[in-house]
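Each chain, letter by letter, is given below.
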Amino acid sequence: MDVLNSEYWSNRYNENQIGWDLGEISPPIKTYIDQLEDKNLRILIPGCGLGHEAEYLFNKGFHNTCVLDFASEPILNFQNRNPKFPIEQLFIQDFFDHVGQYDLIIEQTLFCAIDPKLRANYTKKIFELLKPKGKLVGLLFNIDFQNGPPFGGNKSEYLNYFSPNFNSIYMENAYNSIKPRQDSELFIIIQNKKV
Ligand SMILES: C[S@@+](CC[C@H](N)C(=O)[O-])C[C@H]1O[C@@H](n2cnc3c(N)ncnc32)[C@H](O)[C@@H]1O
């Protein structure tokens, strides 16, 4: 496996090897966002890539949305496409170094992009970044891949990672994935134990 540092991901953007990029917001996440009413929610999209989810949120009036990626290329691309997006809400930073408090964190292909050895660290970090009653919402692959990234997995494995810190875990097959990911994604709504 290549070292999955920011240089690795920057190269993928520079070489346009970005097969994961949907070119638009992922439909299950769009459906979730469309039923949200509180426009003041503080939202983080870590490993945002080109940030289609953030663009959708911002244009809908969720102006407390933050994007984070440790590769500068996708963040600069996002900034060019969204010049009104506040600069202080753009983070070119390692997810594991980020400090903040959020009501909602959106997971869209960051978990599958990190080294599986870091999965427990990921769940710990998410726990740290969520406010009391904050939620992690998004998608996890429910399929094994030969050589990652992406790295796959399954529900029981993921439950082992999340259950020590989170007491409310919804994790079910997404019904409205894009065609190539149909029946291979779990939609998750995972809520914080701190109350
Ligand atoms: C598979 S891409 C997904 C991008 C975007 N979420 C999407 O679905 O189009 C994974 C992204 O996570 C970023 N990434 C990976 N590990 C990271 C880390 N530790 N901190 C911040 N960003 C990270 C990469 O730079 C890359 O942009």
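The structure displayed is predicted, hence computed values, not measured ones. Along each chain, numbering runs from 1 in the same order as the chain's sequence is written. The predicted origin of the model limits local features to residues at a pLDDT of at least 70 and limits the giving and counting of side-chain atom pairs to 80 or more, whereas totals for whole chains, interfaces and linings rest on all residues. Calculated side-chain values reflect all of the structure's heavy atoms, with hydrogen atoms and water omitted.

A. Here's a closer look at the site of the ligand. Contacts to the ligand come from 20 residues, most closely from Tyr 13, Gly 47, Asp 69, Gln 108 and Thr 109. Within the backbone of Gly 47, one N or O atom sits 2.8 Å away from a nitrogen atom of the ligand. What qualifies as a polar contact is a pair of N or O atoms within 3.5 Å, subject to a donor-acceptor requirement within protein and to the restriction that residues adjacent in sequence count only when both atoms come from side chains. Phe 70 is positioned with one of its backbone polar atoms (N or O) 3.2 Å from a nitrogen atom of the ligand. Each accessible area is a Shrake-Rupley result for a 1.4 Å probe, and residues are judged covered by the shown protein chains and nothing else. In isolation the ligand offers 590 Å² of accessible surface; the protein chains occlude 96% of this area. Going along the chain from the N terminus, every DSSP run of H or I of four or more residues is numbered as a helix, and every run of E of two or more is numbered as a strand. Among the elements of the structure, α1 (6-14) and β2 (65-69) are those that each provide at least two residues to the shell around the ligand. Residues are counted as near a molecule or strand when any one of their heavy atoms sits within 4 Å of it.

B. The arrangement of the sheet that holds strand β3 (residues 90-92) in detail. A pair of strands is treated as paired once DSSP finds two or more bridges between them. Across the sheet, seven strands lie side by side as β3-β2-β1-β4-β5-β7-β6; this open sheet has mixed pairing. Here the strands that pair on one side only, and so sit at the sheet edges, are β3 and β6 (166-173). Neighbouring strand axes in the sheet, compared pairwise and without regard to direction, differ in orientation by 15° on average. Pairing between β6 and strand β7 (residues 185-192): seven bridges, direction antiparallel. By the bridge assignment for β7, Phe 166 is matched with Asn 192. On the sheet, helix α3 (residues 52-59) packs against β1 (43-46), β2 and β4 (102-108) and is oriented at approximately 160° with respect to β1. Lying on the sheet, helix α5 (residues 119-129) is in contact with β1, β4, β5 (130-141), β6 and β7; it crosses β5 at an angle near 140°. As a rule, the C-alpha atoms of each element are fitted with a line to give its axis, helices using only the stretch in contact, and angles between N-to-C directions run from 0 to 180 degrees. We call two residues in contact whenever any of their non-hydrogen atoms come within 4.5 Å of each other.

C. Molecular detail of the packing of helix α2 (residues 27-34) against α3. Axis separation between α2 and α3 bottoms out at 11 Å; the angle between their running directions is 20°. With respect to their mutual orientation, α2 and α3 come out roughly parallel. At the point where α2 passes α3, the crossing takes the right-handed sense. Residues Ile 29, Lys 30, Ile 33 and Asp 34 of α2 form the contact with α3, whose participating residues are Glu 53, Tyr 56 and Leu 57. Each residue gets one of three labels, nonpolar for Ala, Val, Leu, Ile, Met, Phe, Trp, Tyr, Cys and Pro, charged for Asp, Glu, Lys and Arg, and polar for the others, Gly among them. Split into classes, the residues belonging to the contact of α2 with α3 amount to four nonpolar, no polar and three charged. Oblique is the label for any angle not covered by the other classes, which are roughly parallel (under 35 degrees), roughly antiparallel (over 145) and roughly perpendicular (65 to 115). Left-handed describes a crossing whose near helix is turned anticlockwise from the far helix through less than a right angle; right-handed describes the clockwise counterpart.

D. View of unusual backbone geometry. Going from Gly 148 to Pro 149, the amide bond is cis rather than trans, its omega being -5°. Phi angles above zero are rare outside glycine, and Lys 133 is one such case at about 70°. Along the chain, Lys 133 turns up in strand β5. Residue Asp 183 is not a glycine yet carries a positive backbone phi of 65°. Relative accessibility under 20% of the residue-type maximum defines a buried residue, over 50% an exposed one, and the middle range a partly exposed one, all with a 1.4 Å probe and only protein chains included. Here Asp 183 falls in the exposed class, since its relative accessible area comes to 60%.

E. Expanded view of the side chain of Ser 26. Here Ser 26 is to be found in the loop between α1 and α2. We classify Ser 26 as buried; its relative accessible area is 2%. Residues in contact with Ser 26, not counting those within four places in the same chain, are Glu 53, Gln 108 and Leu 139.

F. Expanded view of the nonpolar core. For our purposes a nonpolar core is just a set of buried Ala, Val, Leu, Ile, Met, Phe, Trp, Tyr and Cys residues, chained together by side-chain atoms within 4.5 Å. Among the nonpolar cores identified, the biggest contains 24 residues, and Ile 43, Ile 45, Val 67 and Leu 104 are the most heavily contacted of them. Judged by nonpolar contacts, the second largest core, of 22 residues, contains Leu 44, Leu 68, Tyr 102 and Leu 136.

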